[in-house]
Structure formats: C-alpha cells, structure tokens
Amino acid sequence: MAIVPTGAPAWVRTTSFTHYGGSTEKENYLSRGAINALTDVAAEEFSRMVADLAAVARTAPFAVMRILCNDTSPAAPTVEFCSLMTGVRLTSYAGDAAPSGFPSAARVGNGIATVTFASSYVDEYGVSGAFTPKTALAGVHIGAGGTATVVISGQTLTIRSVSAATGLAISNARFTLEVG
Amino acid sequence: MFGALGGVLPLRLGGTATNGWTAAQHARVAADLVAVGRTTPIATFSFTKVGAAVTITDYRGRNGTGLAYAPTPSSIGNGHARFTWSLPGWENESGDLQPVVITGARLSAVFNGTDHISPGITWSGVVVDTYTESHGASGNGLVDVGGTVRIWGTVGDSARRAIGDYAGDPNKRDSTTEGTTPYADGILRDLQAQRGSAYSTKTGTLVDCENLALARFLAGVGPRNAEKYRANMFPGTSDERLPYWEKFLAVPFAADEPKWQRRQKLAAHYPVSEGPKIEVIRARCTALLGDVFVDVTTSAGADLANPPTLTFWPGINPGPADYDLGGGCWASERDHYFVQVQQPAGMTDGEFLQLVNVQLFRMLDDLLPATATFSWGIGGGFFLDISRLDFTGMTPS
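Quick look at the structure, then. (Residues numbered from 1 in each chain as written. Chains lettered and ligands numbered in written order. Predicted model: local features only at pLDDT ≥ 70, side-chain atom pairs only at ≥ 80, totals over all residues.)

## Let's talk about helix α7 (residues 259-269) of chain B
Residues and elements named next belong to chain B. Definition in use: Field definition: a residue is buried when 20 or more other C-beta atoms are found within 10 Å of its C-beta, exposed when 12 or fewer are, and partly exposed for counts in between, with C-beta atoms placed from the backbone. What counts as a helix is a DSSP run of H or I of at least four residues, what counts as a strand is a run of E of at least two, and both are numbered from the N terminus. In this description, any two residues whose backbone-derived C-beta atoms lie within 7 Å of each other are considered to be in contact.
Most of α7 sits inside the fold, with nine of its eleven residues counted as buried. Of the positions making up α7, those classed as buried are K259, W260, R263, Q264, K265, L266, A267, A268 and H269. Of the surrounding secondary structure, the elements contacted by the buried residues of α7 are α6 (242-248), α8 (278-289) and α9 (349-367).

## Considering the interface of chain B and chain A
Operational definition: Only Asp, Glu, Lys and Arg are considered charged, only Ala, Val, Leu, Ile, Met, Phe, Trp, Tyr, Cys and Pro nonpolar, and every remaining residue, Gly among them, polar. Note: two strands are recorded as paired if DSSP finds a minimum of 2 bridges between them.
Of the residues lining the interface, 62 residues belong to chain B; the matching set on chain A comes to 47 residues. Contributions of two or more residues to the side of chain B that touches chain A are made by β1 (11-12), α2 (23-39), β2 (43-50), β3 (53-61), β8 (97-109), β9 (116-124), β12 (147-155) and α5 (223-232) of chain B. A total of five residues in the side of chain B that touches chain A trace back to one element, the largest contributor, which is α2(B). Looking at the side of chain B that touches chain A residue by residue, the class counts come to 20 nonpolar, 22 polar and 20 charged. In the sheet, strand β1 (residues 40-41) of chain A pairs with β1(B) via two bridges, with the strands oriented antiparallel. Residue pairing in the sheet places V41(A) in a bridge with L11(B) of β1(B).

## Concerning the sheet that holds strand β13 (residues 293-297) of chain B
Backbone hydrogen bonds hold the strands of a sheet together, and the pairing may be parallel or antiparallel. Residues and elements named next belong to chain B. Test applied: Note on geometry: axes are C-alpha line fits, over the in-contact stretch for helices, and angles between N-to-C directions span 0 to 180 degrees.
Spatially, the three strands line up as an open sheet ordered β13-β16-β17, and their pairing is mixed. Only two strands of the sheet have a single neighbouring strand rather than two, namely β13 and β17 (373-378). The mean angle between the axes of side-by-side strands here comes to 20 degrees, regardless of whether they run parallel or antiparallel.

## Some thoughts on helix α3 (residues 183-195) of chain B
The periodicity of an α-helix, 3.6 residues per turn, causes residues three or four places apart in sequence to face the same way. Residue and element names in this part refer to chain B. The cut-off we apply is this: Between the first and last residue of a helix there are one fewer steps than residues, each counted as 1.5 Å, and that sum is the expected span. Starting at the helix axis, one direction is taken to each C-beta atom, and the arc is that of these directions.
Taking 1.5 Å per residue, 13 residues should reach 18 Å; α3 reaches 19 Å between its end C-alpha atoms and fits that length. Among all positions in α3, only Y183, A184, I187 and L188 are buried. The buried side chains of α3 occupy one side of the element, clustering within an arc of 125 degrees when seen end-on. Remark: G196 follows α3 within two positions and exhibits a positive phi of approximately 80 degrees.

## Re the sheet that holds β2(B)
Across the sheet, six strands lie side by side as β4-β3-β2-β12-β8-β7 (chain B); this open sheet has antiparallel pairing. Looking at which strands have only one partner, the edges of the open sheet turn out to be β4 (64-65) and β7 (89-91) of chain B. In terms of strand pairing, β2(B) meets β3(B) through eight bridges, oriented antiparallel. Following the sheet pairing, T48(B) is matched in β3(B) by T55(B). Across the sheet, helix α1 (residues 43-59) of chain A is in contact with β2, β3 and β4 of chain B; its angle to β3(B) comes to roughly 135 degrees.

## Structural notes on the nonpolar core
For clarity, the cut-off: Throughout this description, the term nonpolar core refers to a group of buried Ala, Val, Leu, Ile, Met, Phe, Trp, Tyr and Cys residues whose C-beta atoms join them within 7 Å.
In terms of nonpolar packing, the biggest core is built from 56 residues, with A136(A), A138(A), V150(A), I159(A), F175(A) and L177(A) touching the most fellow members. Core analysis: the second largest hydrophobic core is formed by 27 residues, A42(A), V50(A), A23(B) and A231(B) among them.

This is the structure:
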C-alpha cells in the first residue's frame with residue numbers, strides 16, 4: 001500500500017514543521033545524541049531541517065515562467081520556460097497547446113497576455129492540492145524602460161507590458177512571471 | 001528502518017528505497033535545502049490601495065502564512081504605502097525572536113488602465129515603503145494601485161546555514177550496524193523465542209507492546225551504547241566526547257560553534273601525517289576549511305640545483321647577507337606555502353579569522369617541517385613574508 005504523506009502539498013501553504021515530523025518536544029531516544037555522527041541524524045539536526053523546510057515552503061513561488069507574446073502574426077504566446085512546484089518544462093510550448101499539468105496562455109492584444117492555472121495540482125505521491133494564484137510579479141525583458149503589470153482574477157492572470165518611453169503596450173514583449 | 005523498532009531519533013541512515021533513508025539521499029536533501037534556503041524570499045504579500053485604505057490581501061512569510069503574520073499597512077500619501085512589522089524580528093517555532101534583516105525587495109504593480117506604472121520600493125529596518133507612479137493618459141505622478149511585494153533577507157542565522165546544520169557531511173555513509181535492521185529487531189526475535197508459544201507474537205497485543213518496549217530499551221542500553229563508545233573514540237564520529245578531543249588535540253573552538261563544525265575541525269587535525277606533500281597539504285586544508293579553501297600554491301619552481309635567491313641554507317647557500325635573519329636560520333621562498341582562501345557569504349569576520357588565523361595556523365604548524373613558512377590570503381595577488389618587497393620595502397631604513 002502506497003504511503004500518503006501528511007499535510008497538503010507545498011502550494012496549499014498550510015504545511016507546518018509538524019507535518020514533516022517536527023515537534024518542539026522532539027528529543028533523541030533515551031536522550032542520547034547521535035550514536036555515530038557519520039551515519040546518524042540527531043533530533044537537533046532533524047528539527048532544524050523540518051523548520052527550515054517549512055519556512056521556505058511558505059514563501060517559494062509556485063510558478064516561474066518566461067513568456068513571449070506573438071503580436072506580429074497574432075498567435076497565442078509562447079511559454080519558453082516553465083518551472084512549477086510540480087515539474088519543470090525546459091522546452092517551449094504554444095500557450096494554446098499546453099502540455100498536461102502546465103498552465104495555458106492566450107493573447108489579448110499587443111503586449112497583453114493571459115495565463116491560466118488549473119484549480120488544483122497533484123504532487124509526486126498523487127496528493128491533490130488546491131491552487132489559487134494570490135501573488136504575482138512580472139518583469140518585462142527590454143533594453144529600455146518598461147514595466148509589466150499583472151491583474152489576478154480567479155485562476156487567470158493578465159499581464160500587460162508597457163514601454164516607459166511611449167506609455168504604449170510593447171509588441172512581441174517577453175516577460176518573466178512569478179506566481180505564488 | 002524498522003517502524004517502531006528503529007524509527008526513533010537519532011535516525012540511522014541506510015535501508016532500502018521503500019523502508020529507509022540512505023546517506024546519499026539524506027545528502028541530497030541537506031544540500032538542496034541549503035540551496036533553496038539561500039534564494040527563496042522571506043516574505044511575499046499582495047495589497048490593494050484605494051486612497052488612504054491599504055489592505056493586505058494575502059501574506060506568506062517564513063514566520064507563517066496568513067494575515068496574522070503580516071506587517072501593518074498604512075498610507076503615507078498618494079501612491080505611497082508603508083508596511084511595518086511591529087517587532088524587529090520574527091518568532092520561530094519555539095517562540096524565540098529571530099532578528100530579520102531585509103536584503104532585497106521587489107514590487108510588481110497591478111494594471112491601471114492604459115498608463116505605464118513605474119513601481120518603486122525602499123526599506124529601512126523592517127519598514128517597507130512602496131511607490132507607484134503613473135505615466136500616460138491620466139498624467140504623471142503617484143497613483144494608488146496595489147501590487148505584490150516580495151522580500152529577500154535573513155531571519156536569525158539563516159544566512160549561515162550549511163549542510164552540517166542538517167547533519168550533512170561529505171563523509172556521511174550508511175550505518176553498517178543498524179542501517180538495514182535495527183538492533184532491537186534481533187532482540188525482539190530473541191524475546192519472542194524465549195517466551196515460547198504460550199505468548200502471542202501478534203502485532204498490537206499487550207505482549208507484543210511489552211516485547212517491543214523491552215527490545216528497544218535493551219537495544220538502547222546494550223549494543224547502541226557499545227557502538228556509541230566506539231564512535232566516541234574518534235573525533236570524526238564523536239558526539240559527547242568532543243570536548244575531550246578538543247583538549248587532547250589542543251584545538252580551540254568558539255562558544256557558539258555547532259557540533260558539526262567542531263567535529264569537522266577535529267577530524268582534520270586528527271590524522272597521522274603522511275608527510276608534508278602538496279597533495280596532503282591540499283587535502284588537509286580542504287577538510288579543515290571546507291568552502292573557505294581555494295588552493296595551496298608554491299611559487300619558486302623546482303630546479304633543485306639552483307635555489308631561488310632568497311634561500312638561506314647555512315654553509316650551502318647562505319643567501320643575500322643583507323637579508324639574513326641571523327642565527328643560522330633555514331628558510332627559502334621555495335619552501336613557502338600560500339593558502340588562497342575566500343570568505344563565503346554569511347560567514348562573519350570573527351568566524352573567518354578564527355578559522356584561518358587559529359585553526360589553519362595550528363594545523364600547518366604541525367604538518368609542515370620547521371624550514372617551511374606559510375601564509376594565507378584572499379585572491380591571487382602578491383605576498384610578503386619571504387620576498388624582496390618584504391625585506392626591503394617594508395623594513396625601516
């Protein structure tokens with residue numbers, strides 16, 4: 001029978017150090033430290049590990065993506081790179097033909113794209129966890145002043161890349177998006 | 001590991017993919033945890049701003065998830081919001097206050113019509129200020145829009161985190177004694193056999209619980225104790241006996257130094273020398289200094305028939321009389337070892353200097369022959385000690 005991990009996957013943001021086996025009362029059996037320091041993990045070291053893991057699990061982004069808008073010949077944006085907590089996609093894909101488990105992307109207008117996430121994702125053990133984008137940061141790749149702004153609406157994010165010089169949308173913009 | 005028999009701390013590394021945790025797997029966890037800990041933000045939150053009303057809508061920090069852990073938002077003016085944590089530190093799981101140092105921050109603003117929004121962010125202590133300025137159809141100037149703030153920094157001593165804090169060690173290996181089967185397993189089988197068929201061996205029965213408890217206890221006070229005594233006989237595997245080894249090997253340590261660091265230093269000082277060969281010197285320096293070590297170099301060639309100028313060898317090659325140190329001193333720039341080091345991010349000056357000025361000095365002093373000299377430095381550069389610059393340029397005339 002396959003094991004079921006305690007707690008929920010990291011992106012649900014409810015995991016605490018206790019889900020990793022931590023306890024403020026944790027102690028070595030019979031109060032004895034490492035039997036052999038080169039083969040053992042003592043309670044103190046284990047406690048540091050689970051506390052730090054809980055800390056980074058709370059703040060780590062769920063997704064980091066690099067996206068290219070296709071405005072010259074209008075088409076769905078290209079997701080050039082996508083790193084999710086559930087897996088990494090190093091080869092690019094068309095936003096309207098997203099591989100299973102990866103977010104889709106659509107073109108709204110010049111320099112404007114939407115990215116849509118599923119409402120839940122599954123971890124390595126088959127445990128499903130709900131996901132709702134709550135935080136998002138975007139940075140436009142441009143050799144001059146420019147900004148990418150993001151609006152979160154449910155499972156969909158709208159990213160607009162704007163030139164500082166003209167105040168207009170940047171055609172064929174490329175941006176990095178970080179979602180938590 | 002063997003469930004209730006072996007699943008107690010300290011964990012003994014070993015076993016199989018389905019019932020154990022091997023040293024190699026543990027090493028990967030330790031290394032990756034250090035890696036993500038270095039780059040993961042310490043807090044991320046989203047906010048809205050409408051006039052004087054600034055509202056945090058979501059907060060995730062290393063201190064916790066939810067608005068209870070979030071800073072207090074306030075409006076300073078149009079397009080200018082402030083976020084203030086009430087304390088200069090965050091509480092950890094044990095309720096201890098850990099100082100927070102913000103080292104980086106980023107703001108991404110939400111879309112505001114057709115304008116271009118320039119986001120700005122500053123911080124001082126644990127107070128973060130955000131600015132959102134509009135350029136476009138509605139004119140230029142600060143405007144109220146929300147956004148997402150991401151903060152990087154350190155919490156407590158997080159910047160100094162190393163694999164040793166998670167029991168990581170380059171020499172970590174599976175336990176040869178309990179990695180596959182814990183001691184208590186054999187004792188449990190013995191107890192069951194001794195008690196005979198009149199007593200149940202079924203899991204979960206009262207007799208089984210009693211046998212388990214007895215087996216674990218006997219394993220703890222018997223073979224585990226014996227193994228612990230054996231491990232304490234060597235500094236590299238020692239635990240309770242570290243103070244003894246520090247005294248025996250005359251290796252000083254700082255009061256707040258973690259056990260794994262003390263063990264690492266002692267293990268580097270302990271081996272019987274294989275002689276001051278350059279390979280041995282490199283290996284010993286690597287073991288002692290870890291990330292601090294870069295390289296060991298010598299500088300004056302290997303032509304034995306023609307020693308470099310600054311070679312003082314009484315009777316054979318006296319060296320320049322002007323620079324003679326007197327007293328029949330033996331020394332040569334060829335016999336000088338330069339240890340190139342670096343100070344890793346997160347290591348304090350005190351820790352670094354203790355390592356290179358005390359630990360490294362003592363080890364090389366023991367390892368190298370009396371004629372050899374040594375020094376350490378950061379970067380390639382030039383060194384003084386045995387050089388014309390040192391003898392002439394740095395000597396009062």
